[in-house]
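Examining the three-dimensional arrangement
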Amino acid sequence: MHYLTLEGSHYQMGVQRGRIFQENHITFPLGLDGFQLEHGRKSEKILREFFPEVCEEIKGVTDTTGNDYLTFVSWMLCMGCCMYNLERNIPAELRGCTAFACASGGQVIYGRNNDLPPYLKEGCKSEIYAPANGNRFYIATSSFINGEKGMNEHGLAAAMTFVMTRLEQIRPGLNSCFIVRYLLEKADSADSALKLLLELPAASNCNILIADRSGEMIVVECTPDEKRIRKADCRNRVRLVCAVNCFISDEMKGYDGAHGDDYQAERRYHTVTDSFRPHIRENVAEAAQRLLRGDYGFMCQYDDTPDFETVWSSVFDLNSLMIYRAEGDPRRERFVTDSRLCNI
């Protein structure tokens, strides 16, 4: 996993990243088809309307690397949305992540397994952002600039999980990873993040999990046409919410294009919501790590699934801003402490 701290104006942060790409001779598979280019161009206008700062950051990258800005940003906006094509480009979308939040005894914890094709592991990043005009935050990603999950200085966690979308349903808008980045930089609580999220056009199906240090937590099941709020389940003084790679609400299941081919998403969901709950004791963070290791049921045990594995696991303490991360399959890699966000 690569580590980076970025600070300053968005354009300056983009230039800094672009120089790293140049120094390491990194190139990008920008061979988009006509549908993807059109989607990207229309989505860039929406991204610029809501989040012009991140467009400036991308411009800083492309000015430094010499890539065409519009093609580059179109490629980024297709990620996790309509990168369906082209073995010569990026393989069909594959995501199997499990994200959850839990509040018990004054502790508020977010946890996640990032389950991906192993070829993506080498490029995974763990980054601290300190933008000149925005929240300071931690973000983890298999891409860059956008991200799968993170936590900001206010103790707000935001995360996405991929839900397959039929091609005809995709609309111009923000993909789920840009939504996560936007909420981390702009919101300071679950309530403010929800208000921002409900205004955003989502390009494709996804779940967005939001939780804050007060114990407020929800999952918003998003499609290009509809958003549905799924509240935390509260039992025995434990609040718990979970997002996997399908929609849980009956009203949203018809939008899911995976037809059950989602790496046992519902099984992972019930491991969190049912099997995990009896094990929540004094140390919620430790129990969360055991959950992610598969101690309470199926979570990361993809041994019989070719070219797919848990590439990293994370637990966030939203009260202390401490991060615990296992870089690789959590059954074999230990969780180490990351205090960078806490320290700033």
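Residues numbered from 1 in each chain as written. Predicted model: local features only at pLDDT ≥ 70, side-chain atom pairs only at ≥ 80, totals over all residues. Heavy atoms only, no water.

What follows deals with the side chain of N152. The residue N152 is located in strand β6 (residues 149–152) in this model. Classification of N152 by relative accessible area gives buried; the value is 0%. At 2.9 Å, the side chain of N152 forms a polar contact with the backbone nitrogen of H154. At 3.0 Å, the side chain of N152 forms a polar contact with the backbone oxygen of L184. With sequence-adjacent residues up to four places away left out, N152 is seen in contact with N135, R136, F137, L183, L184, A187, L321 and L341. (Helix = DSSP H or I, 4+ residues; strand = E, 2+ residues; numbered from the N terminus. Buried < 20%, exposed > 50% of the residue type's maximum accessible area, 1.4 Å probe, protein only. Polar contact = N/O pair within 3.5 Å; in protein donor to acceptor, adjacent residues only side chain to side chain. Contact = heavy atoms within 4.5 Å.)

On to the sheet that holds strand β11 (residues 233–235), then. Across the sheet, seven strands lie side by side as β11-β12-β2-β3-β13-β14-β15; this open sheet has antiparallel pairing. Every interior strand has two partners, whereas the edge strands, β11 and β15 (336–338), have only one. Going from strand to strand, the sheet's axes swing by 20° on average, the running direction of each strand aside. Together, β2 (98–104), β11 and β12 (238–243) form the strand contacts of helix α7 (residues 265–275), whose direction differs from that of β12 by roughly 175°. (Pairing = 2+ DSSP bridges. Axes fitted to C-alpha atoms, helices over the stretch in contact; angles between N-to-C directions.)

Our next topic: the nonpolar core. L183 and I208 are the most contacted members of the largest nonpolar core, which totals 58 residues. Leaving out residues up to four positions away in the same chain, L183 has contacts with N152, L156, A158, A193, L196, L197, I208 and I210. With 28 residues, the next largest nonpolar core counts L120, A140, M151 and V241 among its residues. (Core = buried A, V, L, I, M, F, W, Y, C linked by side-chain atoms within 4.5 Å.)

The relative placement of two packed helices comes down to the angle between their axes together with the axis-to-axis distance. Running from N to C, helix α2 (residues 34–50) and helix α4 (residues 69–78) point in directions that differ by 90°, and their axes come no closer than 8 Å. By the angle between their directions, the pair α2 and α4 is classed as roughly perpendicular. Packed against α2, whose contacting residues are Q36, L37, H39, G40, R41, S43, E44, L47 and R48, the element α4 presents Y69, L70, T71, V73, S74, L77 and C78 at the interface. Considered class by class, the residues forming the contact of α2 with α4 number seven nonpolar, six polar and three charged. (Parallel < 35°, antiparallel > 145°, perpendicular 65-115°, else oblique. Nonpolar A, V, L, I, M, F, W, Y, C, P; charged D, E, K, R; others polar.)

Summed over all chains, the structure comprises 23 salt bridges. With its nearest N and O atoms 2.9 Å apart, the salt bridge here joins E44 to R48. A residue pair is termed a helical-turn pair when its members lie 3 or 4 positions apart in one helix, as E44 and R48 do in helix α2 at four residues. Here E44 falls in the buried class, since its relative accessible area comes to 7%. Judged by relative accessible area, R48 falls into the partly exposed class, the value being 33%. Between R331 and D329 there is a salt bridge, with the nearest N and O atoms lying 2.7 Å from each other. Given the relative accessible area of 32%, R331 is considered partly exposed. (Salt bridge = Lys/Arg side-chain N within 4 Å of Asp/Glu carboxyl O.)

This next bit is on unusual backbone geometry. Not every positive phi belongs to a glycine, and H25 is a case in point at roughly 55°. Structurally, H25 is set in the loop between α1 (10–23) and α2. One non-glycine residue, N236, lies in positive phi territory at about 55°. Here N236 lies in the loop between β11 and β12. Given a relative accessible area of 72%, N236 falls into the exposed group.

Our next topic: the packing of aromatic side chains. If you walk through the whole model with that rule in mind, you get 18 aromatic pairs. With centroids separated by 5.0 Å and ring planes inclined at 75°, the aromatic side chains of F21 and F28 adopt a geometry described as edge-to-face. The same class applies to F21 as to F28, namely buried. Measuring from ring centre to ring centre gives 6.1 Å for F72 and F144, while their planes differ by 45°; the resulting arrangement is tilted. With F72 in helix α4 and F144 in the loop between β5 (137–141) and β6, this pair connects stretches of sequence that are 72 residues apart. Positioned over the ring face of Y129 is R181, at 4.2 Å from the centre of the ring. (Phe/Tyr/Trp six-rings, centres within 6.5 Å; stacked < 30°, edge-to-face > 60°. Lys NZ or Arg CZ within 6 Å of the ring centre and 35° of its normal.)

With that settled, consider the pairing of strand β14 (residues 322–326). Of all five residues that make up β14, four are buried, and the element is covered over most of its length. Both strand β13 (residues 309–317) and β14 contribute to a ladder of five bridges, which runs antiparallel. Bridging across to β14, F316 finds its partner in I323. Counting the residues in the hairpin turn of β13 and β14 gives four residues, including L321, whose phi is positive at 65°.

For the rest of this paragraph, the subject is the side chain of S43. Turning to its location among the elements, S43 is positioned in helix α2. Once residues lying within four places of it in the same chain are set aside, the contact partners of S43 are L77, P172 and G173.

Two modes of strand pairing occur in sheets, parallel and antiparallel, and in both the strands are linked by backbone hydrogen bonds. Spatial strand order, β1-β4-β5-β6-β7-β8-β9-β10: eight strands in an open sheet with mixed pairing. Every other strand in the sheet has two partners, leaving β1 (2–8) and β10 (227–231) as the edge strands with one partner each. When the angles between neighbouring strand axes are averaged without regard to direction, this sheet yields 15°. Relative to strand β8 (residues 206–212), strand β7 (residues 156–162) runs antiparallel, the two sharing seven bridges. Counted as the bridge partner of A158 is I210 from β8.

By themselves these figures say nothing about function.
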